[in-house]
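# Reading the structure
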Amino acid sequence: MALTGQNVISAVTAENPRAVKVQTASTPVLPANANRNGLNLLNDSPNNIYFSLEGTAALDKDFVLYPGGSWNGIISNVLWTGLVTAIAASESNLLVAEV
């Protein structure tokens with residue numbers, strides 16, 4: 001399921017990861033979820049993908065996932081439950097799983 005504009009993924013699970021098309025504009029990849037128990041993002045593209053946990057993602061800022069890289073949602077031993085947005089220099093594939 002490709003995401004563009006202000007669309008967000010719903011019903012993403014570890015058993016049912018979704019492919020997100022990260023665009024050249026900030027793309028929401030996961031909505032905030034206070035009940036989130038786990039998270040995994042995998043860069044399945046040849047491009048760097050940049051993430052923001054504060055709203056709008058920007059190139060060369062915040063967090064970067066290199067090609068083949070992943071993030072488990074942990075920051076300082078705490079699982080991130082807020083919004084995640086992403087951006088890339090060209091359309092890129094991101095696999096998203098949430099528990």
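Report follows, based on the coordinates. (Residues numbered from 1 in each chain as written. Predicted model: local features only at pLDDT ≥ 70, side-chain atom pairs only at ≥ 80, totals over all residues. Heavy atoms only, no water.)

Reading across from one edge, E1-E10-E3-E6 is the order of the four strands in this open sheet, with antiparallel pairing throughout. Taken across any chain shown, the strands that pair with only one partner, and hence form the sheet edges, are strand E1 (18-22) and strand E6 (70-71). In this sheet, E6 lies alongside strand E3 (residues 39-43) in antiparallel orientation, the contact comprising two bridges. Bridge pairing links Leu 41 to Trp 71 in E6. (Pairing = 2+ DSSP bridges. Helix = DSSP H or I, 4+ residues; strand = E, 2+ residues; numbered from the N terminus.)

Enumeration over the complete set of coordinates arrives at one salt bridge. Here Glu 98 makes a salt bridge to Arg 36, at a shortest N to O gap of 2.5 Å. Here Arg 36 lies in the loop between strand E2 (27-30) and E3 and Glu 98 lies in strand E10 (residues 92-98), a separation of 62 residues in the sequence. A single burial state applies to Glu 98 and to Arg 36, both of which are buried. (Salt bridge = Lys/Arg side-chain N within 4 Å of Asp/Glu carboxyl O. Buried < 20%, exposed > 50% of the residue type's maximum accessible area, 1.4 Å probe, protein only.)

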